[in-house]
Amino acid sequence: MTLESPDIGRPNIDVSAGPPDAAAADMPLLRVEGVSKKFGSFPAVDHLSLDIRAGEFFALLGPSGCGKTTLLRMLAGFETPDEGRILLGGRDIAPVLPHERPVNMMFQNYALFPHLSVRDNIAFGLKRAGMARAAIDTRVAEMVALVKLEGMEKRRPDQLSGGQRQRVALARSLARRPKVLLLDEPLAALDKKLRESTQQELMELQRRLGMTFIVVTHDQEEAMTMANRIGVMNAGRLEQVAPPRDLYEAPASRWVAQFVGDVNLFDGEVTSHEHHRLTIATRDGGAIVVAVPRQPVAKSPVSVAIRPEKVKLSRPGVASDASNSQPINRLEGVVTDVSYLGGSTVYKVKLDSGAILRSSVANTARLDTDTYDVSQRVVAWFTSDDCVVLEQ
Amino acid sequence: MSTRRIFAQPARYAAIAPYLWMVLFFLVPFGFVLKISLSQTAIAQPPYVPVFDFTEGWAAIKAAFAQLSLDNFKLLVSDNLYLSSYLRSLIVAVTSTLILLLIGYPIAYGMARLPQRWQAIAMMLVIVPFWTSFLIRIYAWINILQHDGLLNTVLLALHLVSSPVVWLSTDTAMYIGIVYSYLPFMILPLYATLSKMDPALLEAASDLGASPQQAFWLVTFPLSLPGVGAGALLCFIPIVGEFVIPDLLAGSSSMMIGQTLWLEFFTNKDWPVASAAAIALLALLVPPLLLYDRLQRRTLEGGR
């Protein structure tokens, strides 16, 4: 496999050739500047800005209708922004038609040409680029090997399984060696097992080719697994752009905390601010002590967010075994629901205030004696560092 | 379970219906025509011999069988009139079908790209002429094309011609009539294939570097070929046997096979030759039908 050589017989504009100005040298590969797109009066994408570096595996994550696909389609050239600029390698690509962009897209339902064989589907883009016949044959063979479809070259799309079609679509979009590969829900049509193995393959491929991948997905697990950075979109705006870990452990907003993973939220007011900790008077959980966030909290009605796996349970009266280096918040309540999920067990604890707190306990031992039953009284506790303070 | 039994019996009978229909209204009449085509003309009622009379016993039937001959078919291939009629029918049908394709494809393509709610209206406009009798519409064309008709009036008013053009009783008038009458049959199957095509395919083509023209010729057109085949056949076959339009609009110098058939049947009262001509016409139309069927099957199998 010799995919590292960046040569391609592409007659279309080559964005890498001669940056227009010196500033472009440290420009990100792709820059989205204040881009807006309206459909009728509905703002699908709303003054969105985003930088994506070369070689990144970037995921756009959001619920359906949040504008992530519209953004992707603007990058591909199928939609034109109403406002703002899209710069690829420092150049505005607004006037560049889709068939002339050094960007390729893998479509959600693959959009394979039903009348063409696997080989001709993969070769389609190469022929349009005016590549020599022999070079096309070499490249197609390379792509077929890359996605492990040897022996299937003569088949038509309707003679392939869903997983094989997905690979043909991938090979077809990679064949032209685009600067950026856009993937629209690339795994949505696959079943769970196949999705997991394909995720790994996509990651490996991206690493090996050193290409920039931008994937649109509504599946947060998929985004977390594959991407270096994730942009969470909501109502046409980016709520947060961060590596998966930061997104989960340090969500920027209440919306992100709720959208990514599971979370317990306590609404309240900041009552005291001592040097390293805040005390927040919450309606449902009493006074909760939290570590002072890196970004100061400006507005006073705040929410305290705690992930369920950070909430530990113990029997009332039993001293917890945590170190005393940081303050511990203790809330008492009654177990109302136990969901055994295999790797973990989720307890729902009804606090004395009436609020429900979820706690996820990892089942680290096969014969676990430390379990709780429904209607058992427990103490739910968590450290101040495990809390995140969010403005409402 | 009980519901299944309720529906099972009528469903089984319903499955026989198309076969029954075919036997009653196609195979049996076809048998009659075939038999008449092998008979000889006679001044009698019916105007041919032999007539099978099943009441006169076995020997009479055998004698009647012996009288059947292929003479009428020999006449068809030896007489120039029939050969030239067949040839003219084929030329007219092929030419008309090509014109229909050239006019119908852009219309169907445009319809398929209209916003959804306009598509229904466009569809209505294509079908609306059927609300008027076919014959009346052809007579309307006679009116438009005659010496002082609408077309000549307009052409004279625009100074495009200096004296009225003779349209009626020409091949041009016939082609106008045929193309006008058969256009819906070309548009509808084309529209059906074009409108169900996934627009993402064109985006994919564009994404892979195809210009809009390339995308059309490399993706849209090949994928619309089943519609092209269906539309062409739907027009070609009835045009070959067309009688009314050439009779009313074309000149009398050369005839299509439908006209020749009519002449033999009603003017010459030569039922056997007319039947032979009809059988030969059917034989002529079977090869393109089989070809289409094979092509269709190959597309369905996906070129294995």
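Computed from a prediction, not measured in an experiment: that's the story for all the values here. (Residues numbered from 1 in each chain as written. Chains lettered and ligands numbered in written order. Predicted model: local features only at pLDDT ≥ 70, side-chain atom pairs only at ≥ 80, totals over all residues.)

**Q** I'd like a rundown of the overall build of chain B, residues and numbers included.
**A** Assigned secondary structure in chain B consists of 13 helices and 2 strands. By the compact-globule yardstick of 19 Å for 304 residues, chain B is too spread out, its C-alpha radius of gyration being 25 Å. Based on the C-alpha atoms only, the size of chain B along its principal axes is roughly 80 × 75 × 40 Å. Among the 304 residues that make up chain B, the fraction classed as buried is 27%. For chain B, restricting intrachain contacts to residue pairs at least 6 apart in sequence, the fraction spanning at least 24 positions comes to 70%. (Helix = DSSP H or I, 4+ residues; strand = E, 2+ residues; numbered from the N terminus. Rg over C-alpha atoms; globule rule 2.2 N^0.38 Å. Buried ≥ 20, exposed ≤ 12 C-beta atoms within 10 Å, placed from the backbone. Contact = placed C-beta atoms within 7 Å.)

**Q** Pulling in residues and values, what's your account of the overall build of chain A?
**A** Across its full length, chain A carries 8 helices and 20 strands. If one aligns the C-alpha atoms of chain A with their principal axes, the spans along those axes are about 80 × 50 × 40 Å. Sequence-distant contacts in chain A: of pairs separated by 6 or more residues, those separated by 24 or more amount to 66%.

**Q** Can you tell me about the sheet that holds strand S18 (residues 356-362) of chain A, naming the residues and giving the values?
**A** Residue and element names in this part refer to chain A. Spatial ordering of the open sheet is given by S15-S19-S16-S17-S18, a layout of 5 strands whose pairing is antiparallel. The two strands at the open ends of the sheet, each matched to only one other strand, are strand S15 (312-314) and S18. Strand-to-strand twist of the sheet, defined as the mean angle between neighbouring strand axes without regard to direction, takes the value 45°. One ladder, built from 3 bridges, connects S15 with strand S19 (residues 377-383); its direction is antiparallel. Looking at the pairing, Ser314 lines up with Val379 of S19. (Pairing = 2+ DSSP bridges. Axes fitted to C-alpha atoms, helices over the stretch in contact; angles between N-to-C directions.)

**Q** Any details on the interface of chain B and chain A? Residues and values, ideally.
**A** With 17 residues of chain B at the contact, the number on the chain A side is 21 residues. Where the side of chain B that touches chain A is concerned, the elements lending two or more residues are helix H9 (199-207) and helix H10 (212-240) of chain B. With 6 residues, the single largest contributor to the side of chain B that touches chain A is H9 of chain B. Taken together, the residues of the side of chain B that touches chain A break down into 8 nonpolar, 6 polar and 3 charged. (Nonpolar A, V, L, I, M, F, W, Y, C, P; charged D, E, K, R; others polar.)

**Q** Run through unusual backbone geometry, naming residues and quoting values.
**A** Going from Gln45 of chain B to Pro46 of chain B, the amide bond is cis rather than trans, its omega being -5°. With respect to the helices, strands and loops of the structure, Pro46 of chain B is situated in the loop between strand S1 (40-41) and strand S2 (48-49). One non-glycine residue, Ser375 of chain A, lies in the positive phi region at around 70°. Residue position: Ser375 of chain A is located in the loop between S18 and S19. On the basis of neighbour count, Ser375 of chain A is assigned to the exposed category, with 9 C-beta atoms found within 10 Å. Not every positive phi belongs to a glycine, and Ser169 of chain B is a case in point at roughly 60°.

**Q** Provide a residue-level description of the sheet that holds strand S4 (residues 83-88) of chain A, including the pertinent values.
**A** Residues and elements named next belong to chain A. Read from one edge to the other, the open sheet built from 4 strands follows the order S2-S1-S4-S5, with strand pairing classed as antiparallel. Whereas interior strands pair on both sides, the edge strands pair on one side only; in this sheet they are strand S2 (42-52) and strand S5 (91-92). Bridge count for S4 against S5 is 2 bridges, and the pairing is antiparallel. By the bridge assignment for S5, Leu88 is matched with Arg91. Along the sheet, helix H1 (residues 68-76) contacts strand S1 (30-39), S2 and S4; its crossing angle with S2, the most-contacted strand, is approximately 65°.

**Q** Describe the UniProt feature "transmembrane region" (unreviewed entry) in chain B, and please don't skip the residues or the numbers.
**A** Sites flagged by UniProt as "transmembrane region" (unreviewed entry) map to residues 12-38, 89-108, 120-142, 149-167, 173-194, 215-240 and 271-292 of chain B. Here residues 120-142 of chain B runs as 74% helix and 0% strand, with 31 Å between its end C-alpha atoms. (UniProt positions renumbered as here; feature names shortened; annotations may be inferred.)

**Q** So, the UniProt feature "domain: ABC transmembrane type-1" (unreviewed entry) in chain B: which residues are in play, and what are the values?
**A** The positions UniProt marks with the feature "domain: ABC transmembrane type-1" (unreviewed entry) are residues 86-292 of chain B. Secondary structure over residues 86-292 of chain B splits into 78% helix and 0% strand, and the C-alpha atoms at its two ends are 21 Å apart.

**Q** Residues and numbers for helix H5 (residues 192-209) of chain A, please.
**A** The end-to-end C-alpha distance of H5 of chain A, which contains 18 residues, comes to 26 Å, matching closely the 26 Å that a straight helix rising 1.5 Å per residue would cover. Looking one or two places after H5 of chain A, you find Gly210 of chain A, whose phi comes out positive at around 65°. (Expected span 1.5 Å × (residues − 1).)

**Q** Go over the packing of helix H6 (residues 134-145) of chain B against helix H8 (residues 171-195) of chain B with me, naming the residues and quoting the values.
**A** All names here are of chain B. It is at 11 Å that the axes of H6 and H8 come closest, and there the two elements cross at 140°. Regarding the angle of H6 to H8, the classification is oblique. By crossing handedness, the relation of H6 to H8 is classed as right-handed. When H6 is examined against H8, the residues Phe134, Ile138, Trp141 and Leu145 are found in contact with a partner set consisting of Ala173, Ile176, Gly177, Tyr180 and Ser181. In terms of residue class, the contact of H6 with H8 is built from 7 nonpolar, 2 polar and no charged. (Parallel < 35°, antiparallel > 145°, perpendicular 65-115°, else oblique. Left-handed = near helix turned anticlockwise from the far one by under 90°.)

**Q** I'd like to hear about the nonpolar core, residue by residue, with values.
**A** Core analysis: the largest hydrophobic core is formed by 103 residues, its most contacted members being Ala171, Leu182, Ile214 and Val304 of chain A. The residues that make up this core include at least three from each of domain 1 (22-249) and domain 2 (262-391) of chain A. Ala171 of chain A has contacts with Ile122, Met143, Val144, Leu146, Val147 and Leu149 of chain A, leaving out every residue within four places of it along the chain. In this structure, Met186, Met256, Leu261 and Ala274 of chain B belong to the second largest nonpolar core, which totals 45 residues. (Core = buried A, V, L, I, M, F, W, Y, C linked by C-beta atoms within 7 Å. Domains from an automatic or database assignment.)

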